[in-house]
Amino acid sequence: MASSLTKDSSSTPGEKTFLGHPRGMATLFMTEMWERFSWYGMRGILVLYLVAGVLDGPLQGREALAASIYGVYNAVVYMAAMPGGWIADRLWGARKAVLIGGIVIALGHYTLAIPSDTAFFAGLVLIAAGTGLLKPNISAMVGGLYEGQPSARRDAGFTLFYMAINIGGMAAPLVVGYLGENVNWHLGFAVAGIGMTLAVVQYVLGSRHLGDVGKEPGTPATPEEKRTALRKVLLWGGLAVAALAVDVLLGTYDIEHVVNFLAVLGIVVPVVYFVAMYRNPALTATDRPKIQAFAWFFATAVLFWMIYDQSGSLLTLFADNKTDRMIGGWEFPASWYQSVNPAMVIVLAPLFAALWVRLAKRNREPGTPMKFALAMLLIGGSFAIMGLAGAAAANSETGKVTVFWLLSVYLVQTLGEMCLSPVGLSLSTKLAPKQFVGQIMGLWFLATATGNALNGWTTKLNEPLGDAAYYSMWAVIAIVAGLTFMMAGRKIRALMGDVR
């Protein structure tokens, strides 16, 4: 990355920067890029592998269950961000949490590479636990690099960070997807593990550039708080294991029982956590309205990610079964479609970052509520296109449509994503009370968890409704939500106080 380092007039004289940003951004950028390579590589083939190798029963039943498992697994991964944020805030500090999380993720991917159904599900558990430690805390560290700097510059920094996510996300399906679908599923999982190993190595080597960011927990837990937390973990973990054991011993166990339980958990956890945080005596009178404002953004993000993340389940199955993927005499892997969105983000992210900064200088930048409203209108528009694609496939002689339908869907979704995701990351660090930064970042990722938890149920509607009706239904819901958020913009801005 030496060629990317420049000297910037806004920094300390003689201090090197990374593309005009703090030098520590290079470390976090490269770590996140390789971590996302491992995650999106595994995720790109997860549903296809479940349908092909793990689940029993008729094809349609396997596809519906695979889509549900995919949604709920994504939910579990992002739910793990909550305890991951707590561990960083109260026990280890973000720096150590990211390191240990990266090591656990790498172990998970290598476990997936073992050709065993038991090893497969054990690997998923390890990846979920490790991602919960890494994901919210590396984002919180990005926010720490911009402490005291202007809001627009922080937004630009998070957009740059978002490019790292998408560079890894673009490369992963091309490499892991091809190896998994055409050579061996477990080889694909192993290559994802190599990506995560590179992330850990990069993080260790570059940590000296992070200064004091994330070194210490924000509010260290007392010995009594540690004991209380341990008792709760043992109690709830024990109850979950006991319930599973009883289900197995009675001979009634079905994987859908786990899917349904985790789907309920994905909805209950954020509600309980918002109530607990709002009632926390450590919050000041200034902080409480900001938590209320964050709840509005959270609810909107839930619906956005519920629709968006079907790209890895139903849209992947649509690509596999109902899209013409022939180029000459060669059919490219269905998982390659998942590289389209990250590639578009790489092109659009710097344009959006420059646009927000330019508009801010002219005092014409849209407020965060307006950006979220636009995101909802766009994600609704993407599923309106998907509804038309489903109708076109149903009326086609071959039962398939051209690649341009899905390419159009991904383009509109990407435009919506650029209005919501990097903006939401930055907003979370600005609205968060200092003692709860890691946990607020966990809540932001919990919006994705809740959306995916709902997908454990909603994707099952695709089969009885059919593609055209299913996608059109969610298009209407998203567009109505976007218009509602737009009308509530003034109230939300008032709750945000001095945050813009």
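Right, let's walk through the structure included here. (Residues numbered from 1 in each chain as written. Predicted model: local features only at pLDDT ≥ 70, side-chain atom pairs only at ≥ 80, totals over all residues. Heavy atoms only, no water.)

## Concerning the pattern of salt bridges
Reasoning step 1: Applying the stated rule across the entire model yields 10 salt bridges.
Reasoning step 2: Where Asp309 meets Arg43, a salt bridge forms, and the shortest distance between an N and an O atom there is 3.6 Å. Of this pair, Asp309 sits in the loop between helix H10 (287–308) and helix H11 (314–322) while Arg43 sits in helix H1 (residues 24–54), and the two are 266 residues apart along the sequence.
Reasoning step 3: Overall, Arg43 belongs to the buried group, its relative accessible area being 6%.
Reasoning step 4: Across the pair Glu224 and Arg231 runs a salt bridge, and its minimum N-O distance is 3.4 Å.
Reasoning step 5: Overall, Glu224 belongs to the partly exposed group, its relative accessible area being 39%.
Reasoning step 6: Residue classification places Arg231 among the partly exposed positions, given a relative accessible area of 48%. (Salt bridge = Lys/Arg side-chain N within 4 Å of Asp/Glu carboxyl O. Helix = DSSP H or I, 4+ residues; strand = E, 2+ residues; numbered from the N terminus. Buried < 20%, exposed > 50% of the residue type's maximum accessible area, 1.4 Å probe, protein only.)

## Section: the packing of aromatic side chains
Reasoning step 1: Within the structure shown, the criterion is met by 23 aromatic pairs.
Reasoning step 2: With 5.5 Å between their ring centres and 90° between their planes, Tyr49 and Phe189 make a pair best called edge-to-face. Of this pair, Tyr49 sits in helix H1 while Phe189 is found in helix H7 (residues 185–206), placing the two residues 140 residues apart along the sequence.
Reasoning step 3: Overall, Phe189 belongs to the buried group, its relative accessible area being 0%.
Reasoning step 4: Plain terms: the ring middles of Phe304 and Trp305 are 5.0 Å apart, the flat faces sit at 90° to each other, and that makes the pair edge-to-face. As far as burial versus exposure is concerned, Phe304 and Trp305 are alike and both buried. (Phe/Tyr/Trp six-rings, centres within 6.5 Å; stacked < 30°, edge-to-face > 60°.)

## Observations concerning a nonpolar patch on the surface
Reasoning step 1: Together, Met370, Leu374, Ile479, Leu483, Met486 and Met487 give the surface a local cluster of nonpolar side chains, amounting to about 510 Å² of exposed area.
Reasoning step 2: Broken down by secondary-structure element, the contributors of at least two residues to the nonpolar patch are helix H13 (368–395) and helix H17 (467–487).
Reasoning step 3: Residue contributions to the nonpolar patch peak at 4 residues, all from H17.
Reasoning step 4: Structurally, the position occupied by Met487 is in helix H17. (Patch = residues over 30% accessible without salt bridge, like charges linked within 9 Å, V, L, I, M, F, W, Y side chains within 5 Å. Areas by Shrake-Rupley, 256 points an atom, 1.4 Å probe, with all protein chains shown as cover.)

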